[in-house]
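# Structural overview for review
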Amino acid sequence: MSVIVYFGAGLKDTAEAFFLFVFCLFLVSMMASALCLFMAYSFQTFAAAQMLMALIYMMMMLFSGFLINLGTVGDWFSWCQYWSMVKFGLAGLFINEFKDRTFCKDSSDPTTCKTGNLYMEEQNVDYENDFDFWVNFLALFLLTVGLFILAYIMLRRMKRHL
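Attention here is on the structure that accompanies the text. (Residues numbered from 1 in each chain as written. Predicted model: local features only at pLDDT ≥ 70, side-chain atom pairs only at ≥ 80, totals over all residues. Heavy atoms only, no water.)

A word on the pattern of salt bridges. Counting across every chain of the model gives two salt bridges. The closest approach of N and O atoms between Arg101 and Glu97, which form a salt bridge, is 2.3 Å. Overall, Glu97 belongs to the buried group, its relative accessible area being 7%. Glu122 is paired through a salt bridge with Lys114; the nearest N and O atoms lie 2.9 Å apart. A residue is classified by how much of its surface remains accessible, and Glu122, at 36% relative accessible area, is partly exposed. Its relative accessible area of 34% is what places Lys114 among the partly exposed residues. (Salt bridge = Lys/Arg side-chain N within 4 Å of Asp/Glu carboxyl O. Buried < 20%, exposed > 50% of the residue type's maximum accessible area, 1.4 Å probe, protein only.)

As structure tokens, this is what we get:
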């Protein structure tokens, strides 16, 4: 599915950019799986786990920079962005696609052009060096491993019914 979306949307046509795109989507889906497993093992009933998962995903979307600009979020809520898989996934995809590129609404009129770097600055995405790019993947990986470990601990604590 990623192949169709990636090339159908006209994103960068390099192999490196495509495989980084796929790797980012893989890490986000692994973190989502780990979070769902952790929640499923933490609750006795499906309904409780499902309601809390809906709340967690809503908060992740809200504090990812996708719905609201993170620069407008108050200091008392700014810490929430560091638990959002959507934030790290979007930042990785933004840097992969927008860094050092120029986009124009009308190719004959250069005044309608906007750089990808300017867009990322508006979205408060750090992009200046390679570490800014790879820290998103590292955060997704570490959060995923942490959630899988917590899910394993919760699975071991479950009572067995014979």
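Looking now at the packing of helix H2 (residues 15-42) against helix H4 (residues 85-98). At their nearest, the axes of H2 and H4 sit 10 Å apart, and the two run at 180° to each other. The pairing of H2 with H4 is recorded here as roughly antiparallel in orientation. Contact residues: Ala17, Leu20, Phe21, Cys24, Leu25, Val28, Met31 and Ala32 in H2; Met85, Gly89, Leu93 and Asn96 in H4. Across the contact of H2 with H4, the residue classes break down as 10 nonpolar, two polar and no charged. (Axes fitted to C-alpha atoms, helices over the stretch in contact; angles between N-to-C directions. Helix = DSSP H or I, 4+ residues; strand = E, 2+ residues; numbered from the N terminus. Parallel < 35°, antiparallel > 145°, perpendicular 65-115°, else oblique. Contact = heavy atoms within 4.5 Å. Nonpolar A, V, L, I, M, F, W, Y, C, P; charged D, E, K, R; others polar.)

So, about the nonpolar core. Core analysis: the biggest nonpolar cluster contains 28 residues, and Met31 and Met85 have the highest contact counts within it. When contributions to this core are tallied by element, the ones reaching two or more residues are H2, helix H3 (46-62), H4 and helix H6 (130-157). The element contributing the most residues to this core is H2, with nine residues. Ignoring any residue separated from it by four or fewer positions in sequence, one finds Met85 in contact with Val28, Met31, Ala32, Tyr57, Met60 and Leu140. (Core = buried A, V, L, I, M, F, W, Y, C linked by side-chain atoms within 4.5 Å.)

Any aromatic ring pair is given by two values, namely how distant the centres are and how the planes are angled relative to each other. Evaluated as defined, the whole model comprises 13 aromatic pairs. Considering the side-chain rings of Phe94 and Tyr119, the 5.6 Å spacing of their centres and the 80° angle between planes classify their relative orientation as edge-to-face. Residue Phe94 is found in helix H4, and its partner Tyr119 is found in helix H5 (residues 116-122); the two are separated by 25 residues along the sequence. Take Phe94: its relative accessible area is 16%, and that puts it in the buried class. Judged by relative accessible area, Tyr119 falls into the partly exposed class, the value being 29%. (Phe/Tyr/Trp six-rings, centres within 6.5 Å; stacked < 30°, edge-to-face > 60°.)

Looking now at the state of the cysteines. In the structure shown here, the tally under the stated rule is one disulfide. Covalent S-S linkage joins Cys104 and Cys113, the inter-sulfur distance amounting to 1.9 Å. Because the torsion about its S-S bond is 95°, the bridge between Cys104 and Cys113 counts as right-handed. Exposure remark for Cys104: the relative accessible area of 39% places this residue in the partly exposed category. No disulfide involves Cys24; its nearest neighbouring cysteine sulfur is the one of Cys36, lying 18 Å away. Given the relative accessible area of 1%, Cys24 is considered buried. Classification of Cys36 by relative accessible area gives partly exposed; the value is 36%. (Disulfide = S-S within 2.5 Å.)

A separate point is the side chain of Glu97. Structurally, the position occupied by Glu97 is in helix H4. Separated by 2.3 Å, the side chains of Glu97 and Arg101 make a polar contact. Not counting residues up to four positions away in its chain, the partners in contact with Glu97 are Tyr6, Leu11, Lys12 and Phe103. (Polar contact = N/O pair within 3.5 Å; in protein donor to acceptor, adjacent residues only side chain to side chain.)

Our next topic: unusual backbone geometry. Negative phi values dominate among residues other than glycine, just as trans dominates among peptide bonds. The backbone of Asp100 shows a phi angle near 60°, a positive value even though the residue is not glycine. Among the structural elements, Asp100 can be located in the loop between H4 and strand S1 (102-104). Exposure remark for Asp100: the relative accessible area of 61% places this residue in the exposed category. Unusually for a residue other than glycine, Asn124 sits at a positive phi of about 60°.

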